Amino acid sequence: MYDLQKASMWKRISAYLFDVILLGIVAVLCMLGLSAILNYDSYSETVNNAYASYGEKYNVDLRISNSEFEKLDEDAKKRTEDALYALNQDVESKRALNMMMQLSLLIASFGILAGYVIMEFIIPLLFKNGQTLGKKIFGIAVMHTSFIKLSPPMLFARTILGKFAIETMVPVYIILMMFFGAIGIVGPAILILLIVLQAGVMLFTNTNSAIHDLLAKTVTVDLASQKIFEDEKELLKWKEQIHAEKAAKQTY
């Protein structure tokens, strides 16, 4: 009656890379706009000036890594610790650093969200069949596993809950916390687990789907050869038609 015509892996990868580049450009532009609106650079400048000031005062480099710190002699270690203590007592720089951390999360979250909304939600709604610009170019589409077109709620679950929340923001939050030294070995462990889970899902599911596809019950298909129905009523009507044609051909 009908069969699943999965898109080839090379087409999916090519479309994915194309879309990631465009999404990254849109997200970065949105982040730059948010950064200017929220005055992020002023907080960054305050922190950098404080690091430079206390580093110069105690004749140390406050941006060295733990491994570099361990290689210092006792006097340099003592001066570095004193400089860090003085820096932590500086109310203005401490407030600026906290604002940097909060704004970094905020700017990253809303910038990437804006990228996904524009490139992975609005454009597929306009193109229909769940097609992004990359999928449009490489002739692939996304449908529900029941062979019907994606509805806006399905596309929302796939894009915002799956791609944005789980597959993107979890790693982004972990990387930002690692950058600011707010998380230990747990962060890398979660990242590795997420990568292994994503690879396992894509390799061992019949549709070679990613996490976002499992969440939304969607599958990426070859548009030229895949029949996609408007809704369940059209699917049922088509099944009845095929069944009637087969019955008419039977000999009694």
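Caption draft 1: Main features of the overall build of the chain. Broken down by element type, the chain carries 10 helices and 2 strands. Helices (α) and strands (β) of the chain occur, in sequence order from the N terminus, as α-α-α-α-α-α-β-α-α-α-β-α. On C-alpha atoms alone, the chain measures out to a radius of gyration of 26 Å, which is more than a quarter above the 18 Å that the 2.2 N^0.38 rule sets for 252 residues. By its C-alpha atoms, the chain is 100 × 35 × 25 Å across when sized along the principal axes. Split into buried and exposed, the 252 residues of the chain put 38% on the buried side.

Caption draft 2: Focus on the pairing of strand β1 (residues 140–144). Counting buried positions along β1 gives 5 out of 5 residues, so the element sits mostly inside the fold. Side chains Ile-140, Val-142 and His-144 of β1 all project onto a buried face; the interleaved residues Ala-141 and Met-143 project onto the opposite face, where all are buried too. Note: β1 against strand β2 (residues 218–222), 5 bridges, orientation antiparallel. Within the sheet, the bridge partner assigned to Met-143 lies in β2 and is Val-219.

Caption draft 3: How the structure looks around the packing of helix α2 (residues 40–58) against helix α5 (residues 91–127). One way to put it is that α2 packs onto α5 with a least axis distance of 8 Å and a crossing angle of 140°. Between α2 and α5, the angle falls in the class oblique. With respect to the hand of their crossing, α2 and α5 are arranged in left-handed fashion. For the pair α2 and α5, contact is made by Tyr-40, Tyr-43, Ser-44, Thr-46, Val-47 and Ala-50 and by Glu-92, Ser-93, Arg-95, Ala-96, Leu-97, Met-99, Met-100, Leu-103, Ser-104 and Ile-107, respectively. When grouped by side-chain class, the residues that make up the contact of α2 with α5 number 10 nonpolar, 4 polar and 2 charged.

Caption draft 4: Seen up close, unusual backbone geometry. Phi at Phe-147 is positive, roughly 75°, even though this residue is not glycine. For Phe-147, a relative accessible area of 12% corresponds to the buried category. Backbone geometry at Lys-217 places phi at a positive 60°, although glycine is not the residue there. Within the fold, Lys-217 resides in the loop between α9 (211–216) and β2.

Caption draft 5: Quick look at the confidence of the model for the chain. The pLDDT averaged across the chain works out to 88; a share of 96% of its residues lies at or above 70. In the model of the chain, helix α10 (residues 232–249) stands out as the element of lowest mean pLDDT, 82, in contrast to helix α6 (residues 133–138), which has the highest, 95.

Caption draft 6: Just the packing of aromatic side chains, in detail. Overall, the coordinates contain 4 aromatic pairs when judged by the stated rule. Judged by centre distance (6.1 Å) and plane angle (70°), the rings of Tyr-116 and Phe-164 are edge-to-face. Of this pair, Tyr-116 sits in helix α5 while Phe-164 sits in helix α7 (residues 152–179), placing them 48 residues apart in sequence. The class for Tyr-116 is buried, based on a relative accessible area of 10%.

Caption draft 7: Looking closely at the packing of α7 against helix α8 (residues 186–204). In contact at an axis separation of 9 Å, α7 and α8 are set at 160° when each is read in the N-to-C sense. Of the possible angle classes, the one that applies to α7 and α8 is roughly antiparallel. Pair α7 / α8 crosses with left-handed handedness. Between α7, through Ile-166, Glu-167, Val-170, Pro-171, Ile-174, Ile-175 and Met-178, and α8, the contact on the second element is made entirely by Gly-187, Pro-188, Ile-190, Leu-191, Leu-194 and Gln-198. Here the contact of α7 with α8 is built from residues that sort into 10 nonpolar, 2 polar and 1 charged.

Caption draft 8: Quick look at the side chain of Glu-167. Here Glu-167 shows up in helix α7. Among the polar contacts made by the side chain of Glu-167, one reaches the side chain of His-212 at a distance of 2.9 Å. Leaving out residues up to four positions away in the same chain, Glu-167 has contacts with Gly-162, Gln-198, Ala-210, Ile-211 and His-212.

Caption draft 9: Summary view of the pattern of salt bridges. Considering all chains together, one arrives at 7 salt bridges under this definition. Where Arg-79 meets Asp-75, a salt bridge forms, and the shortest distance between an N and an O atom there is 3.0 Å. Remark: Asp-75 and Arg-79 occur in helix α4 (residues 74–89); sequence separation between them is 4 residues, near one turn of the helix. Asp-75 sits in the partly exposed class, given a relative accessible area of 49%.

Caption draft 10: Structural detail: the nonpolar core. Counting 11 residues, the largest nonpolar core consists of Ala-141, Met-143, Phe-147, Ile-148, Val-219, Val-221, Ile-228, Phe-229, Leu-235, Trp-238 and Ile-242. Mapped onto this core, the elements with two or more residues apiece are β1, β2 and α10. No other element matches α10, which puts 3 residues into this core.

Each value, and the rule that gives it
- Residues numbered from 1 in each chain as written.
- Predicted model: local features only at pLDDT ≥ 70, side-chain atom pairs only at ≥ 80, totals over all residues.
- Heavy atoms only, no water.
- Helix = DSSP H or I, 4+ residues; strand = E, 2+ residues; numbered from the N terminus.
- Rg over C-alpha atoms; globule rule 2.2 N^0.38 Å.
- Buried < 20%, exposed > 50% of the residue type's maximum accessible area, 1.4 Å probe, protein only.
- Pairing = 2+ DSSP bridges.
- Axes fitted to C-alpha atoms, helices over the stretch in contact; angles between N-to-C directions.
- Parallel < 35°, antiparallel > 145°, perpendicular 65-115°, else oblique.
- Left-handed = near helix turned anticlockwise from the far one by under 90°.
- Contact = heavy atoms within 4.5 Å.
- Nonpolar A, V, L, I, M, F, W, Y, C, P; charged D, E, K, R; others polar.
- pLDDT = per-residue confidence, 0-100.
- Phe/Tyr/Trp six-rings, centres within 6.5 Å; stacked < 30°, edge-to-face > 60°.
- Polar contact = N/O pair within 3.5 Å; in protein donor to acceptor, adjacent residues only side chain to side chain.
- Salt bridge = Lys/Arg side-chain N within 4 Å of Asp/Glu carboxyl O.
- Core = buried A, V, L, I, M, F, W, Y, C linked by side-chain atoms within 4.5 Å.

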